[in-house]
Amino acid sequence: MFIIGIDVSKSKLDCALIDNSNHEKFKFKVVSNSEEGFVTLIAWLAKHTKSTVSEHHFFMEATGVYHEKCAYWLFDSGAKVSVVNPARVKYYGQSLGVRSKNDKKDSVVLARYGLTQKPIAWQPEAPEIRILKALSSRLDAIEKDILREKNRYEKSSINTCSDLVLISIETLLVALNNEKVHLEKLIDNHISRHEYLKNNYALLQTIPGVGPVVSRYMVIVLGSRTFQSASQCAAYIGLVPIQNESGSSLRGRSRISKAGNPIIRAKLYMAAISALQYNPDIKKQNERLLKNGKSKMSALCAAMRKLVQICFGVIKHQQPYQVQADLL
């Protein structure tokens, strides 16, 4: 297997091919971040490695949306692709003593990271999950715009300003609210058209505290990748505790990792507050943690994590929520 590190930017790809006979030697190629560039890269690799595309393993960082086209194209072409966390690559580079930073050096670090750390292969999301994620992202943006315009309207109505300004804001709010309703219908119709999405969406809403919004996000999370355990899913969202202790001199407070999508955590935060009142599992756990001296915020974070674990179990076993036996 030939190892290739790719540093992705908006317009180009800086590629580093590790020499299989001497891992200290590299060959470099810069191509455009386009289908023409991908074809050029594969042709260059075939020339230097005398191998097929299935014998290539590409490593790239998750760089917003810029890496996606390349990752999907290479995967569809039969190559093995790993999309890695940029923070891990950064710390790995520091461990190698890499002090300067440029695109060429970054591609080398990515190649060495792939060779030594052997991250798991990337699997693309199903098309229906990608569409649902895109629609949800657009809905989030519209909701933020609505809140922003409402705040502007409040400020403009208090300050002395032209009525024309208020009319402009009102007009835009009407358009944004109409678009919000339209997107919500598109999302509902999209979920209804796919039986397993519809089934999972309904199962998640049997959990007290989990409403339509959180159900939609958890359908996306649980459908976007394969998790081996509920704890792994919670870690992906960024809800696992991070300790800050060392010997007897350092006793810092624990915190959640916040490694995942902050929008999902914000939705789970509100869901956990509701679950503290209506979900027997969450309620009992919260009472136990508070009794053991945990702070209210720590207990609430644990409630968020517990909700994710319950969601994982409901989808894994394809069974509606049931109160645990010891709570009956």
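Residues numbered from 1 in each chain as written. Predicted model: local features only at pLDDT ≥ 70, side-chain atom pairs only at ≥ 80, totals over all residues. Heavy atoms only, no water.

Caption draft 1: Broad picture of the overall build of the protein chain. Helix and strand content of the protein chain: 12 helices and 7 strands. Along the first, second and third principal axes, the C-alpha set of the protein chain runs to 60 × 60 × 50 Å. For the protein chain, buried positions account for 39% of its 328 residues. In the structure as shown, the protein chain presents an accessible area of about 18900 Å², 53% of it carried by carbon and sulfur atoms. When the 46 basic and 29 acidic side-chain charges of the protein chain are each reduced to a single mean position, those positions are 7 Å apart. (Helix = DSSP H or I, 4+ residues; strand = E, 2+ residues; numbered from the N terminus. Buried < 20%, exposed > 50% of the residue type's maximum accessible area, 1.4 Å probe, protein only. Areas by Shrake-Rupley, 256 points an atom, 1.4 Å probe, with all protein chains shown as cover. Lys, Arg positive; Asp, Glu negative; His and termini not counted. Charge placed at Lys NZ, Arg CZ, Asp CG, Glu CD.)

Caption draft 2: The arrangement of the packing of helix α11 (residues 280-291) against helix α12 (residues 296-317) in detail. One can describe the packing of α11 onto α12 by two numbers: an axis separation of 9 Å at closest approach and a directional angle of 150 degrees. Here α11 lies roughly antiparallel to α12, going by the angle between them. Crossing angle aside, the handedness with which α11 passes α12 is right-handed. Only K296, A299, L300, A302, A303, K306, L307 and I310 of α12 make contact with α11, whose side of the interface consists of D281, I282, Q285, N286, L289 and L290. In the contact of α11 with α12, the residues fall into 9 nonpolar, 2 polar and 3 charged. (Axes fitted to C-alpha atoms, helices over the stretch in contact; angles between N-to-C directions. Parallel < 35°, antiparallel > 145°, perpendicular 65-115°, else oblique. Left-handed = near helix turned anticlockwise from the far one by under 90°. Contact = heavy atoms within 4.5 Å. Nonpolar A, V, L, I, M, F, W, Y, C, P; charged D, E, K, R; others polar.)

Caption draft 3: Fine view of the side chain of N200. Among the secondary structure elements, N200 is positioned in helix α7 (residues 195-204). Not counting residues within four places of it along the chain, the set of residues in contact with N200 comprises V219, I315 and Q318.

Caption draft 4: Geometry of the nonpolar core. Ranked by size, the top nonpolar core spans 50 residues in total, and within it I207, M218, C233 and I237 carry the most contacts. Those elements giving two or more residues to this core turn out to be α5 (127-158), α6 (163-193), α7, α8 (212-224), α9 (230-237), α10 (262-278) and α12. For this core, the leading source of residues is α12, giving 11 residues. Setting aside residues no more than four positions away along its own chain, I207 makes contact with N279, L307, I310, C311, V314 and Y321. The next biggest cluster of nonpolar side chains, apart from the first, holds 23 residues, and it includes V8, L13, I42 and Y72. (Core = buried A, V, L, I, M, F, W, Y, C linked by side-chain atoms within 4.5 Å.)

Caption draft 5: Summary view of helix α1 (residues 35-49). Here α1 spans 21 Å end to end across 15 residues, near enough to the 21 Å set by a 1.5 Å rise per residue. The complete set of buried residues in α1 reads G37, F38, L41, I42, W44, L45 and T49. The buried side chains of α1 occupy one side of the element, clustering within an arc of 160 degrees when seen end-on. Away from the buried face of α1 by more than 90 degrees, exposed residues E36 and K47 are located. For α1, the elements touching its buried residues are β1 (2-8), β2 (12-18), β3 (26-32), β4 (56-61) and α2 (68-76). At the exit of α1 stands K50, carrying a positive phi of roughly 55 degrees. (Expected span 1.5 Å × (residues − 1). Arc of directions from axis to C-beta.)

Caption draft 6: Seen up close, the state of the cysteines. Taken as a whole and judged by the stated rule, the model has 0 disulfides. C70 carries a free sulfur, and the closest cysteine sulfur to it, the one in C15, is 7.3 Å from it. (Disulfide = S-S within 2.5 Å.)

Caption draft 7: Structural detail: a nonpolar patch on the surface. Among the surface-exposed residues, Y269, M270, I273 and M297 lie close enough to one another that they form a single nonpolar patch of about 370 Å² accessible area. Looking at which element gives the most residues to the nonpolar patch, the answer is α10, with 3 residues. For M270, the location among the structural elements is in helix α10. A residue is classified by how much of its surface remains accessible, and M270, at 52% relative accessible area, is exposed. (Patch = residues over 30% accessible without salt bridge, like charges linked within 9 Å, V, L, I, M, F, W, Y side chains within 5 Å. Salt bridge = Lys/Arg side-chain N within 4 Å of Asp/Glu carboxyl O.)

Caption draft 8: Main features of the packing of α7 against α8. Packing of α7 against α8 brings their axes to within 9 Å, and their N-to-C directions diverge by 130 degrees. Here α8 runs oblique to α7, going by the angle between their axes. By crossing handedness, the relation of α7 to α8 is classed as right-handed. Taking contact as the criterion, the partners of L197, N200, Y201 and L204 in α7 are, on α8, P212, S215, R216, M218 and V219. Here the residues of the contact of α7 with α8 sort into 6 nonpolar, 2 polar and 1 charged.

Bear in mind that shape data such as this cannot, by itself, settle questions of function.
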